[in-house]
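What follows is each chain in one-letter form.
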Amino acid sequence: MLETLEEYALIAEIISAIAIIISLVFVGVQIKANTKATQASTFHEIAALDINILLNFSSSPELARLITTFRDDPDSLSEEEQIHGFYLFGAEVRHVENLFLQNENKMLSEKNWRSRKSLVNGVVLSAGFGALLKHPFSKFFDGSFIEYGRNQRKKSGIKE
């Protein structure tokens, strides 16, 4: 009788070990699905921010002209326009800085980063970013992002 109870206890231990393994596999699958859902949500929020920024910049012809001109040739603007354009461009830079930092912290999938990297590089390679680098406010942006921008500009042959 004692041997039969020991056999049943051994069988119960084996069944319990198998159940634990199955539950761990299930938890792993759930974590993977949750990670994908979180990445999709993050990408959706980024797209919504992109759209919001574009709509704000195009809310008037003057704003659209200022941001475009500041990005391409800030020196062609009057002093007052440069100040206004700098703040508009600063908002755009803050957005791409956020994309860069999300990528650095592995919060974006490789596919999502590839789809946004050209936007980030387009901003850091612009004349407006060169003006930002010379401005005292550049210290308010993340140092690794500023360094990334400087490196991209150097690789593209843009002199400071």
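What you see is a predicted model; the values in this text were computed from it and never measured.

Analysis parameters
- Residues numbered from 1 in each chain as written.
- Predicted model: local features only at pLDDT ≥ 70, side-chain atom pairs only at ≥ 80, totals over all residues.
- Heavy atoms only, no water.
- Helix = DSSP H or I, 4+ residues; strand = E, 2+ residues; numbered from the N terminus.
- Buried < 20%, exposed > 50% of the residue type's maximum accessible area, 1.4 Å probe, protein only.
- Core = buried A, V, L, I, M, F, W, Y, C linked by side-chain atoms within 4.5 Å.
- Axes fitted to C-alpha atoms, helices over the stretch in contact; angles between N-to-C directions.
- Parallel < 35°, antiparallel > 145°, perpendicular 65-115°, else oblique.
- Contact = heavy atoms within 4.5 Å.
- Nonpolar A, V, L, I, M, F, W, Y, C, P; charged D, E, K, R; others polar.
- Phe/Tyr/Trp six-rings, centres within 6.5 Å; stacked < 30°, edge-to-face > 60°.

Colleague: Just to check I follow, could you spell out unusual backbone geometry for this structure?
Modeller: Note: most peptide bonds trans; most residues except glycine with negative phi. Non-glycine residue K106 carries a positive phi angle of around 60°. Within the element layout of this structure, K106 appears in the loop between α3 (79-104) and α4 (110-124). Note on K106: relative accessible area 70%, which makes it exposed.

Colleague: What is the right way to look at the nonpolar core in this model?
Modeller: Judged by nonpolar contacts, the single largest core of 26 residues is most densely connected at F89, V93, V120, F129, L132, F145 and I146. When residues of this core are traced back to their parent elements, those giving at least two are α1 (2-57), α2 (61-72), α3, α4, α5 (127-134) and α6 (143-155). No other element matches α3, which puts 7 residues into this core.

Colleague: Is there a simple way to think about the packing of α4 against α6 in this case?
Modeller: A pair of packed helices is captured by two measures, namely the crossing angle of their axes and the spacing between those axes. Interaxial distance between α4 and α6 falls to 10 Å at its minimum, and their mutual angle equals 75°. Regarding the angle of α4 to α6, the classification is roughly perpendicular. On the side of α4, the interface is formed by W113, K117, V120, N121 and V124, while α6 contributes F145, Y148, G149, Q152 and R153. A per-class count over the contact of α4 with α6 returns 5 nonpolar, 3 polar and 2 charged.

Colleague: Explanation requested: the environment of G130 in the structure shown.
Modeller: Its location among the elements puts G130 in helix α5. G130 sits in the buried class, given a relative accessible area of 6%.

Colleague: How should the environment of G157 be read in this particular structure?
Modeller: Tracing the backbone through its elements, the reader meets G157 in the segment after α6. Overall, G157 belongs to the exposed group, its relative accessible area being 54%.

Colleague: How should the packing of α3 against α5 be read in this particular structure?
Modeller: Axis separation between α3 and α5 bottoms out at 11 Å; the angle between their running directions is 100°. If you check the angle between α3 and α5, you find them roughly perpendicular. Here α3 contributes F86, F89 and V93 to the contact with α5, which in turn contributes G128, F129 and L132. Split by residue class, the contact of α3 with α5 holds 5 nonpolar, 1 polar and no charged.

Colleague: Teacher, can you tell me more about the packing of aromatic side chains here?
Modeller: Working definition: an aromatic ring pair is given by the centre-to-centre distance plus the angle between the planes. Counted under the stated rule, the structure contains 9 aromatic pairs. Between F86 and F137 the ring centres are 6.0 Å apart and the planes differ by 45°, which places this aromatic pair in the tilted class. Here F86, found in helix α3, pairs with F137, found in the loop between α5 and α6; they are 51 residues apart in sequence, far enough to count as distant. Exposure remark for F86: the relative accessible area of 9% places this residue in the buried category. For F137, a relative accessible area of 30% translates into the label partly exposed. Measuring from centroid to centroid gives 5.6 Å for F100 and F145, while their planes differ by 55°, and the two rings are tilted. You can see F100 sitting in helix α3 and its partner F145 sitting in helix α6, a full 45 residues away along the chain. Its relative accessible area of 3% is what places F100 among the buried residues. Classification of F145 as buried rests on a relative accessible area of 0%. Through successive ring pairs, a cluster of aromatic residues spans F70, F86, Y87, F89, F137 and F140.

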